[in-house]
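Below are the chains, spelled out letter by letter.
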Amino acid sequence: AEDFDDVDKLPELFIPGQVVHIYSWRGTYEAKFVDRGCESLSDIVVSANMISDHSIQTYFDAIAEVINVRRAPDDPPPWQPFHATDSCQCCGAKFTWHVTSSSEAQTYREKHNCRSCGLLVCDPCSKRRKP
């Protein structure tokens, strides 16, 4: 495996065909075509994790989810904002009850929006995710 920790060693990226922007919206993936001449594309800073994030399997999985989302009879529910509550909407516990840190950053890491209802749930409750 190549070492991409050094930015100077990153491969030069080019756009061979149509550009598809895949993004997350309410916990699901959406996709839009982007014009190759879009100036914002040149503003993208290449990072090492982009190599694994842009694998064929990752694209396939994301496009498959986009297709499933578009076939769904309803839009995903609106998501409750992270600042809306400090307790899980499923079990009622504080978000950091099961970890040793109760910092704001840790609290945010433990909050997850339920894809079924959009409410905030703790990490243990989010383990009961949809497949």
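A quick note: this is a predicted structure, and the numbers were derived from the prediction, not measured.

Enquirer: Could you clarify how one ought to interpret the overall build of the protein chain in this entry?
Expert: Secondary structure summary: the protein chain contains four helices and four strands in total. Walking the protein chain from its N terminus toward its C terminus, one meets helices and strands in the order β-β-α-α-α-β-β-α. A burial count over the protein chain gives 24% of its 131 residues as buried. Across the protein chain, contacts joining residues at least 24 apart in sequence account for 54% of those joining residues at least 6 apart. About 9800 Å² of surface is accessible on the protein chain, with carbon and sulfur atoms providing 54% of the total.

Enquirer: How should I be thinking about the pairing of strand S1 (residues 19-25) in this particular structure?
Expert: Moving residue by residue along a regular strand, the side chains alternate between the two faces of the sheet. Relative to strand S2 (residues 28-34), S1 runs antiparallel, the two sharing seven bridges. Across the sheet, residue valine 19 finds its bridge partner in S2, namely valine 34. Taking the residues between adjacent antiparallel strands as the criterion, S1 and S2 are bridged by two residues, where arginine 26 takes a positive phi near 50 degrees.

Enquirer: Looking at this structure, how should I read helix H2 (residues 56-71)?
Expert: Counting along an α-helix, one turn takes 3.6 residues, and residues three or four places apart therefore face a common direction. Helix length check: H2 (16 residues) gives 23 Å between terminal C-alpha atoms against 22 Å at 1.5 Å per residue, within 8%. The set of residues buried in H2 consists of Ala62, Val66 and Val69. Buried residues in H2, looked at end-on, bunch into an arc of 65 degrees, giving them a common side. For H2, exposure combined with an orientation more than 90 degrees from the buried face picks out Ile56, Phe60 and Arg71. Considering only its buried residues, H2 is in contact with S1 and S2.

Enquirer: Would you explain the state of the cysteines in this entry?
Expert: Working definition of a disulfide: a covalent bond connecting the sulfur atoms of two cysteines. For the coordinates displayed, the defined rule picks out zero disulfides. As a non-bridged cysteine, cysteine 114 has cysteine 117 as the owner of its nearest cysteine sulfur, 3.7 Å distant. Given the relative accessible area of 39%, cysteine 117 is considered partly exposed.

Enquirer: Help me out: how do you make sense of a nonpolar patch on the surface in this one?
Expert: On the surface, a nonpolar cluster with roughly 340 Å² of combined accessible area is contributed by Val20, Phe33, Ile63 and Ile67. In this structure, isoleucine 67 sits in helix H2.

Enquirer: What is the right way to read the nonpolar core from this model?
Expert: As a rule of thumb, soluble globular proteins bury nonpolar side chains together. Grouped together as the largest cluster of nonpolar side chains are six residues: Cys88, Phe95, Leu120, Val121, Cys122 and Cys125. Beyond its immediate stretch of four places on either side in the chain, cysteine 88 contacts Ala93, Phe95, Leu120, Val121, Cys122 and Cys125.

How each quantity is defined
Residues numbered from 1 in each chain as written. Predicted model: local features only at pLDDT ≥ 70, side-chain atom pairs only at ≥ 80, totals over all residues. Heavy atoms only, no water. Helix = DSSP H or I, 4+ residues; strand = E, 2+ residues; numbered from the N terminus. Buried < 20%, exposed > 50% of the residue type's maximum accessible area, 1.4 Å probe, protein only. Contact = heavy atoms within 4.5 Å. Areas by Shrake-Rupley, 256 points an atom, 1.4 Å probe, with all protein chains shown as cover. Pairing = 2+ DSSP bridges. Expected span 1.5 Å × (residues − 1). Arc of directions from axis to C-beta. Disulfide = S-S within 2.5 Å. Patch = residues over 30% accessible without salt bridge, like charges linked within 9 Å, V, L, I, M, F, W, Y side chains within 5 Å. Salt bridge = Lys/Arg side-chain N within 4 Å of Asp/Glu carboxyl O. Core = buried A, V, L, I, M, F, W, Y, C linked by side-chain atoms within 4.5 Å.

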